[in-house]
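# Architecture at a glance
Here is what each chain is made of, one letter per residue.
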Number of protein chains: 2
Amino acid sequence: MIKPAILGHGTVGSGVYEVFEMNAEKIARAAGTPVEVKYVLDLRDFSHLPYGNKFVSDFSVIENDPEVTVVCEVMGGVRAAYDFTKRCLEAGKSVCTSNKELVATKGEELLRIAEEHNVNYLFEASVGGGIPIIRPMIQCLAANEFNQICGILNGTTNYILTQMIKNGVAFEDALRQAQVNGYAEADPTADIEGHDACRKICILSDLAFGDQFDPEEVCCEGITAITLKDVACADRLGCVIKLIGRAVRCEDGTAYAFVAPHLVRKESPLASVEDVFNAIMIEGNATGDVMFYGKGAGKLATASAVCADMLDCIEHQGRRRRIQWGDGSRKLLRPLGSFASPWYVRFHGPRASLEAALPCESVREVDGELVASVSALSADELNARLSGLSGSVLSSMRIL
Amino acid sequence: MIKPAILGHGTVGSGVYEVFEMNAEKIARAAGTPVEVKYVLDLRDFSHLPYGNKFVSDFSVIENDPEVTVVCEVMGGVRAAYDFTKRCLEAGKSVCTSNKELVATKGEELLRIAEEHNVNYLFEASVGGGIPIIRPMIQCLAANEFNQICGILNGTTNYILTQMIKNGVAFEDALRQAQVNGYAEADPTADIEGHDACRKICILSDLAFGDQFDPEEVCCEGITAITLKDVACADRLGCVIKLIGRAVRCEDGTAYAFVAPHLVRKESPLASVEDVFNAIMIEGNATGDVMFYGKGAGKLATASAVCADMLDCIEHQGRRRRIQWGDGSRKLLRPLGSFASPWYVRFHGPRASLEAALPCESVREVDGELVASVSALSADELNARLSGLSGSVLSSMRIL
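Residues numbered from 1 in each chain as written. Chains lettered and ligands numbered in written order. Predicted model: local features only at pLDDT ≥ 70, side-chain atom pairs only at ≥ 80, totals over all residues. Heavy atoms only, no water.

## Here we look at the packing of helix α7 (residues 155-167) of chain A against helix α8 (residues 171-180) of chain A
All names here are of chain A. Between α7 and α8, the shortest axis-to-axis distance is 9 Å and the interhelical angle comes to 130°. By the angle class used here, α7 and α8 are oblique. Judged by the twist between their axes, the crossing of α7 over α8 is right-handed. Taking contact as the criterion, the partners of Y159, I160, Q163 and M164 in α7 are, on α8, F171, A174, L175, Q177 and A178. Within the contact of α7 with α8, the residues separate by chemical class into seven nonpolar, two polar and no charged. (Axes fitted to C-alpha atoms, helices over the stretch in contact; angles between N-to-C directions. Helix = DSSP H or I, 4+ residues; strand = E, 2+ residues; numbered from the N terminus. Parallel < 35°, antiparallel > 145°, perpendicular 65-115°, else oblique. Left-handed = near helix turned anticlockwise from the far one by under 90°. Contact = heavy atoms within 4.5 Å. Nonpolar A, V, L, I, M, F, W, Y, C, P; charged D, E, K, R; others polar.)

## Remarks on the relation of the copies chain A and chain B
In the superposition of chain A on chain B (RMSD 0.0 Å, axial shift 0.0 Å), the rotation amounts to 180°. The two molecules are tied by a two-fold rotation axis, judged by turn and shift. Of the C-alpha atoms belonging to chain A, the one lying closest to the rotation axis is found on F292 of chain A, 2.4 Å away. In this assembly the copies share their binding face: 100% of the residues contributing to the interface of chain A also contribute to that of chain B. (Least-squares fit on C-alpha atoms with pLDDT ≥ 70 in both.)

## What about the interface of chain A and chain B?
On the side of chain B, 48 residues touch chain A, which itself brings 48 residues to the contact. For the pair chain A and chain B, the summed buried area comes to about 4100 Å², and 50% of that belongs to carbon and sulfur atoms. E145 of chain B is the partner of R29 of chain A in a salt bridge, and the nearest nitrogen-oxygen pair spans 3.8 Å. Viewed at the interface, chain B and chain A are joined by 19 residue pairs in polar contact (both at pLDDT 80 or more). Elements with a minimum of two residues in the side of chain A that touches chain B: α1 (11-22), α2 (24-31), α6 (134-140), β12 (288-295) and α12 (299-315) of chain A. Per-element tally for the side of chain A that touches chain B: the top contributor is α12 of chain A, with eight residues. (Buried area = accessible area lost by both parts, 1.4 Å probe. Salt bridge = Lys/Arg side-chain N within 4 Å of Asp/Glu carboxyl O. Polar contact = N/O pair within 3.5 Å; in protein donor to acceptor, adjacent residues only side chain to side chain.)

## A few points about the sheet that holds strand β4 (residues 70-73) of chain B
Residues and elements named next belong to chain B. The six strands are arranged β3-β2-β1-β4-β5-β6 in an open sheet whose pairing can be described as parallel. Across the chains shown, the open sheet's two edge strands, defined by having one partner strand only, are β3 (55-56) and β6 (121-122). Strand direction decides the pairing type here: strand β1 (residues 5-7) and strand β2 (residues 39-41), joined by three bridges, are parallel. The residue of β2 that forms the bridge with L7 is L41. (Pairing = 2+ DSSP bridges.)

## Structural notes on α1 of chain A
All names here are of chain A. For α1, which comprises twelve residues, the first-to-last C-alpha distance of 16 Å matches the rise-based estimate of 16 Å (1.5 Å per residue) to within 8%. Within the sequence span of α1, burial applies to V12, G13, S14, G15, V16, Y17, V19 and F20. Where α1 is buried, its residues touch β1 (5-7), α2, β2 (39-41), β4 (70-73) and α12. (Expected span 1.5 Å × (residues − 1). Buried < 20%, exposed > 50% of the residue type's maximum accessible area, 1.4 Å probe, protein only.)

## As for the confidence of the model for chain A
Regions with low pLDDT should not have their predicted coordinates read in detail. Summarising the model, chain A shows a mean pLDDT of 95, and 100% of its residues fall at 70 or more. Here the complex is predicted with pTM 0.94, and the ipTM for its interfaces comes to 0.91. (pLDDT = per-residue confidence, 0-100.)

## Let's talk about the pairing of strand β10 (residues 255-265) of chain B
Residue and element names in this part refer to chain B. Most of β10 sits out of view: ten of its eleven residues are buried. Summarising the sheet, strand β8 (residues 219-220) and β10 pair through two bridges and their orientation is parallel. From the neighbouring strand, C220 faces β10, where its bridge partner is V259. When strand β9 (residues 239-249) meets β10, the two strands line up antiparallel, connected through eleven bridges. Residue pairing in the sheet places I241 in a bridge with L263 of β10.

## With respect to unusual backbone geometry
Residue and element names in this part refer to chain B. The phi angle at K331 is positive, at roughly 50°, despite the residue not being glycine. Structurally, K331 is set in the loop between α12 (299-315) and β13 (340-348). Phi at D367 takes a positive value of approximately 50°, unusual for a residue other than glycine. Relative to the helices and strands, D367 is located in the loop between β14 (360-366) and β15 (369-378). On the basis of relative accessible area, D367 is assigned to the exposed category, the value being 64%.

## Concerning the side chain of E124 of chain B
If you trace the backbone, E124 of chain B turns up in the loop between β6 and α6 (134-140). Looking at E124 of chain B, its side chain comes within polar contact range of the main-chain nitrogen of R135 of chain B, at 2.9 Å. Not counting residues within four places of it along the chain, the set of residues in contact with E124 of chain B comprises C140 of chain A together with T97, G129, I131, P132, I133, I134, R135, P136, A305 and D309 of chain B.

Here it is in structure tokens:
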């Protein structure tokens, strides 16, 4: 009998408890032994629940109980979560988490502490919610070098963009709708400014390239500036607008990593990923493109990924999974300005000057404005060429 | 240093060698030690190759070499492959394979022998080529009961159907085109009659439901009867025709498993899977729908999946991964006749008799024929109702 503890009884935490109850038989089969949650840590009063007697408010009860060999941290944030995770690992307990902020900022250190104590720190649920992505990447694709990762990594922004594209709803209204439906929080900054997607592309880059990518240093552009006009112009170019987290490997082992809205051609499998769904496309040098698709959030989906990690820890009790990356000292992240990409440019001004400044593949007039599809240029080069233009650049985005 | 052997130097076998060469550094990092192929078993003469000196024609050289702890079987077929796999496992060597026919028919026995000798038998590449599917299913989704699996599991038939749908090419011509492009073999029976997809849905069912599903007992219908007329009528109903391998779990733990062409609604992510691509949609009771997409075949893609399994064996030297299923004695497979589904029926005869016989949701006339979309009925019920009709049923397919 395995007796795990759950740190935090929010959406995911209560979901973890529910999955252990709902699928107890299947989980016992997979673990080779029954699994019964022993403690749930939360400061709030949950004594009315059928399992109210399992709640503790003092973390040290869990820390000091040798019967607890695996802990799931689903508190979120980095302060207490960081402290408790470290103390669990130091006490010889494996930890599984959905906390992308903690993994993105402290992953390297926590994996190192886990290694020192011969336990595991796993975080399948930190990217893509219930979509299997981390384990497939580091195990199933282990014999590949990763050329590129492209993902729709945030369900809230994808819901908003889908509303804009499908129903012609303006950004502010689509955001309000997302809040009403519970897809966006009261303070939506982390989603709409791309910070959430940024943490996720950092974690995927850490794994793909073997060194820590710092979310503070990764360029991150959200979707707040996108207008229905951009959506309509993208459509004219045979594209839809998606917020893409992207990591691209260079010949010398360095890499670009960033989050930005992109025009995605409608033929791409990423274009048809709608609403709160997520999808991650990975290009391996042997396997080619593979894509993983599903709901990137949600109580039971995310919880089931955390539970799967706990089963992995149980299977590997006293043994380490081979997950580790460098401390960032290799400085693999390239400045984004030099990354070459085709561009979409919406412009108000004389056509001749636009065509003289940029290698345009097509320029069309839409409602008195010019919409250009531009061949590959670095952002630095694009901006340099645009700066001297007489006229105004209304918007520009990379084309995937 | 790990020194594996490769059994068979066909497309996948030579690909495995190539991946080990091409990604040697990455593989050494993942394995924690360099990996260098020691033997390649093949009866043909490959002495002209740079690694020609590694070829052996006598299997016992590999069998008796204690330095070889992991073997990849990529010979195909069930006779020699079965014999050699068994002998490797009995000699304490782990075996990785892409051989779906062997896994589908002898998987339970070989997993049992592997267990008795504390080694592993892994087969990620047997379904979906380079697409991660088996490990995600049994590990990442381990905390789920599987409600349904729906997959486009065969690239050849998907290529043919895509040609029929996109370019209006008739079946026979599309098949010839697939042969010219190397997507179909000279004898295409195993692909176009659905046998290849059938083996794969059996393997997925074995894993999902924990008991052996016999390909001989699983109903299997190919795509040879599909006409351009069906393709056009499907389009009218907002659908495309796809060959789907399907497994559906019932309340009591029994399951349906079968392969048949289906009408797939265009909104479904499966509808946009084209050409030789494969995709597998899995519905877990906690995680909801997740989909895995990529090239389901191809030399390096399939090879990289075999190599990843070999890395897993190296990591778990002397330890068993928890993969096992029953010997089929639980008789989980339900007779397909009782499986209820909505139907597409193309009919020539009086409209009144069709509407009297079937619960039609819509009936439209197309070129003097009737095309009906029918609410859920079992196949037995559908056939019983159709048998008494005056007129002729031109085709019928399930709607997904």
